[in-house]
Amino acid sequence: MAVLAAVAAFGWYAAQPVHPACTVYSGAYVPANASAAEADAATRQAYEKALADGACGPSRARFRGWIG
């Protein structure tokens, strides 16, 4: 049972999306009292803008980096 759980956890970790290195000149503005959800939304919005501007590549599954 533990082996099955370890394989499932590894598969989940390998399938998580990662963002390639990108050039972002201006980060997202997040007030100090913003909630975690608001901060995540601002970060996501800044990434989407950088992606649209061509400064970043699209996210991909983590295991794609392992296999080249």
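Reading guide: rules and limits
- Residues numbered from 1 in each chain as written.
- Predicted model: local features only at pLDDT ≥ 70, side-chain atom pairs only at ≥ 80, totals over all residues.
- Heavy atoms only, no water.
- Helix = DSSP H or I, 4+ residues; strand = E, 2+ residues; numbered from the N terminus.
- Expected span 1.5 Å × (residues − 1).
- Buried < 20%, exposed > 50% of the residue type's maximum accessible area, 1.4 Å probe, protein only.
- Arc of directions from axis to C-beta.
- pLDDT = per-residue confidence, 0-100.

(A) Examining helix α2 (residues 36-53) more closely. Compared with an ideal rise of 1.5 Å per residue, which puts 18 residues at 26 Å, α2 spans 26 Å between its outermost C-alpha atoms and is within 8% of the ideal. Along α2, the positions that sit buried rather than exposed are A42, A46, Y47 and A50. Looking straight down α2, one finds its buried side chains confined to an arc of 135 degrees; they lie on one side. Across α2 from its buried face, at more than 90 degrees, point the exposed residues A37, Q45 and A52. Where α2 ends, the next residue or the one after it, G54, has phi of about 85 degrees, a positive value.

(B) Seen up close, the confidence of the model for the protein. Across the protein, the average pLDDT comes to 82, with 91% of residues at 70 or higher. Ranking the elements of the protein by mean pLDDT puts α2 last with 83 and helix α1 (residues 2-15) first with 93.

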